[in-house]
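Summary of the model geometry
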Amino acid sequence: MAPLLDVDLLPFLLFLAGTGLMILEALAPGAHFIVIGVALFVAGLVGMLFSPLGTAPAMAMMVLVVGLATLWVYREFDFYGGKGTGQTSSSDDLRGARATVTETVTATDGQVRVVEGGGFNPNYSARTEFGEIAEGTEVIVTDPGGGNVLMVAPTDREDEIDRELRRERERRERETATDHDTENEDVEPA
């Protein structure tokens, strides 16, 4: 009975499989196929160029060694973006994040660009409960809503706490001003 696969054909098949996986990686980046693609490509290439290394055990060992080396290089140099800085761990990480309005935000439509921690694509659809927020306005994420549509509020909007703090600050300024005026009245001109 003839073997199902000719052993001399193995390096060529590995070379083709590695090439195909690397092409797929180029079409859909994200490091899904790059490590195994490079490992198969290099093992196949070495097996074709140096026929004594084209045996199945030698090819398996090369795939393993080259795969581990490629994985180390991929993780060490992080070709796809900044040691995890371009990603969020959950949508809750977006709560309190600052963003800039890139398309006017209303109750039904709009878009923002998260300044820090916005993930791979920092552009999100956004909605607001506070009327209309013009393009270019700085906003804060009040509800990440699962990460699909963010609820935002303008950063210059004054809530109850801000209003009370402002009133207290104004009251103290008035008291300081009246105390200062009273001190000036007690001093007689020379």
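1. Re the pattern of salt bridges
Counted according to the given criterion, the structure contains four salt bridges. Of the charged contacts in the structure, one is a salt bridge between arginine 98 and glutamate 138, with a shortest N-O distance of 3.2 Å. Here arginine 98, found in strand E1 (residues 98-103), pairs with glutamate 138, found in strand E4 (residues 138-143); they are 40 residues apart in sequence, far enough to count as distant. Between arginine 172 and glutamate 168 there is a salt bridge, with its nearest N and O atoms 3.4 Å apart. Of the two residues, arginine 172 and glutamate 168 are both situated in helix H4 (residues 160-186); the distance of four residues between them amounts to about one turn of the helix. Accessibility expressed as a relative area gives 26% for glutamate 168, which makes it partly exposed. The network of salt bridges with shared partners includes Glu168, Arg171, Arg172 and Glu175.

2. Quick notes on the packing of helix H2 (residues 34-49) against helix H3 (residues 56-77)
The interhelical angle for the contact between H2 and H3, taken along N-to-C directions, is 140 degrees, at an axis separation of 8 Å. With respect to H3, the element H2 is oriented oblique. As for how H2 packs across H3, the hand of that crossing is right-handed. Residue-level inspection shows Ile34, Val35, Ile36, Val38, Ala39, Leu40, Val42, Ala43, Gly44, Val46 and Gly47 of H2 in contact with H3, the latter providing Met59, Met62, Val63, Val66, Gly67, Thr70 and Leu71. For the contact of H2 with H3, the per-class residue count stands at 14 nonpolar, four polar and no charged.

Parameters and conventions
- Every chain is numbered independently, its residues counted from 1 as its sequence is written.
- The model is predicted, so local features are restricted to residues of pLDDT at least 70 and side-chain atom pairs to those at 80 or more, both for listing and for counting; the totals for chains, interfaces and linings are taken over all residues.
- Only hydrogens and water are set aside; all other atoms, that is, all heavy atoms of the structure, feed into the side-chain values.
- Each reported salt bridge corresponds to a side-chain nitrogen of Lys or Arg within 4 Å of a carboxyl oxygen of Asp or Glu.
- Only runs of H or I of at least four residues qualify as helices and only runs of E of at least two qualify as strands under DSSP, and these elements are numbered from the N terminus.
- Buried means the residue's accessible area, taken with a 1.4 Å probe over protein chains only, is under 20% of the maximum for its type, while exposed means over 50%, and partly exposed covers the values in between.
- Each axis is a line fitted through C-alpha atoms, and for a helix only the stretch in contact is used; angles between axes span 0 to 180 degrees, taken between their N-to-C directions.
- Convention used here: angles under 35 degrees read as roughly parallel, angles over 145 as roughly antiparallel, angles from 65 to 115 as roughly perpendicular, and any remaining angle as oblique.
- Throughout, a crossing is termed right-handed when the near helix is turned clockwise from the far one, and left-handed when it is turned anticlockwise from it by less than a right angle.
- By definition, residues are in contact when any of their heavy atoms lie within 4.5 Å.
- Gly is placed with the polar residues, together with every amino acid not listed as nonpolar (Ala, Val, Leu, Ile, Met, Phe, Trp, Tyr, Cys and Pro) or charged (Asp, Glu, Lys and Arg).

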